[in-house]
Amino acid sequence: MYRLAVFGLLFGLAFVLIFWYYAGLSPWVALGYFGIYLILCIGMTRMRAELGPPTHELHRVHPDRIMLLFLGSRPLGAQNLTNTTLLSWLAYGYRCHPMPHQLEAFKIGRHFSLRENRLVVALIVASIAGAVISIVGHVALYYEFRFARWGVGEFNRLQNWITSPRAPNLPAIQYIGFGFVFTVILTVLKRQFLWWPFYPVGYAVGNGWAIGWMWFSIFLGWLFKRILFTGGGVRAYRRALPLFLGLIFGQFLAGSLWSLLGVLFNTNMYTLFP
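Residues numbered from 1 in each chain as written. Predicted model: local features only at pLDDT ≥ 70, side-chain atom pairs only at ≥ 80, totals over all residues. Heavy atoms only, no water.

Moving on, we come to the overall build of the protein. Within the protein one finds 10 helices and 0 strands. Projected onto its principal axes, the C-alpha positions of the protein cover 65 × 55 × 40 Å. Here the protein holds 274 residues, and the buried ones make up 22% of them. Look at the contacts in the protein between residues 6 or more apart in sequence, and 71% of them connect residues 24 or more apart. When the accessible surface of the protein is split by element, carbon and sulfur atoms take 71% of a total near 19,900 Å². (Helix = DSSP H or I, 4+ residues; strand = E, 2+ residues; numbered from the N terminus. Buried < 20%, exposed > 50% of the residue type's maximum accessible area, 1.4 Å probe, protein only. Contact = heavy atoms within 4.5 Å. Areas by Shrake-Rupley, 256 points an atom, 1.4 Å probe, with all protein chains shown as cover.)

What follows is the structure, given as structure tokens:
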């Protein structure tokens, strides 16, 4: 199974590089773009595996914009920038990226002793069906509700890059370097000292847009967990765990029902997430 996964990775990467080479993307830009993208995907998946944050958002962190920060727009050229702009949908927010969710599916499958080959087939079928349905639905909804301007904005940015070439952004490079060093320090401290309270994943996801809507719920979850561990230890935490899982499931069940009622009656209802 693992050999098949490695083969799929190599085959898929080769197909993507060849496709974009014939689409007009320079090989070194394609390697840089998808290399950075793969690193970001693995990083988000690792965050979900280690901590399970409710959202993993890197809004506007596009691989081509990272390359632009380090190189400027002239070395990339108009043709490469145009092709990478067509990939803006791929790296818009990462909040719904499938890789972390697929990893959780394997974890759940292992817990229930499901055969991995069947799970892989189910994930492939779900990915294909979901891609077709989401693309058709997005196009239809964008034209129905006049949201097409969201796609136009990326090309306005492309026009600015071409008409007003950008130089390498030294302050942004310094910020990236600081973030990298600070994350390494947090990681080392967390692995060396169990009492160290600051986790590097929190630093990575703390500035996400969606965290602004969730921080208080996360704080309440931490507070009650702290109280349970302090007052009754692991036994109290495990006894209370079904109660809090029930609260989570109940919230999503109620929210789903409101959404279905909104679809049935074609009116705005209560939503879990703005």
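Structure shown, so let's carry the discussion forward.
Moving on, we come to unusual backbone geometry. Despite not being glycine, Ser113 has its phi angle at roughly 60°, a positive value. Using a relative accessible area of 64% as the deciding quantity, one classes Ser113 as exposed.

Okay, the side chain of His97 next. Tracing the sequence through the fold places His97 in the loop between helix H4 (77-85) and helix H5 (98-111). A residue is classified by how much of its surface remains accessible, and His97, at 11% relative accessible area, is buried. A polar side-chain atom of His97 sits 3.1 Å from a polar atom in the side chain of Tyr37. For His97, the side chain forms a polar contact with the main-chain nitrogen of Met99, separated by 3.1 Å. (Polar contact = N/O pair within 3.5 Å; in protein donor to acceptor, adjacent residues only side chain to side chain.)

Here the focus is the packing of aromatic side chains. For the structure on display, the rule yields 16 aromatic pairs. On the basis of an interplanar angle of 40° and a centroid distance of 5.4 Å, the ring pair of Phe193 and Trp195 is categorised as tilted. According to the relative accessible area criterion, Trp195 is exposed, its value standing at 62%. In textbook terms, an aromatic cluster arises when at least three aromatic residues are bridged by ring pairs, as seen for Phe193, Trp195, Trp196 and Phe198. (Phe/Tyr/Trp six-rings, centres within 6.5 Å; stacked < 30°, edge-to-face > 60°.)

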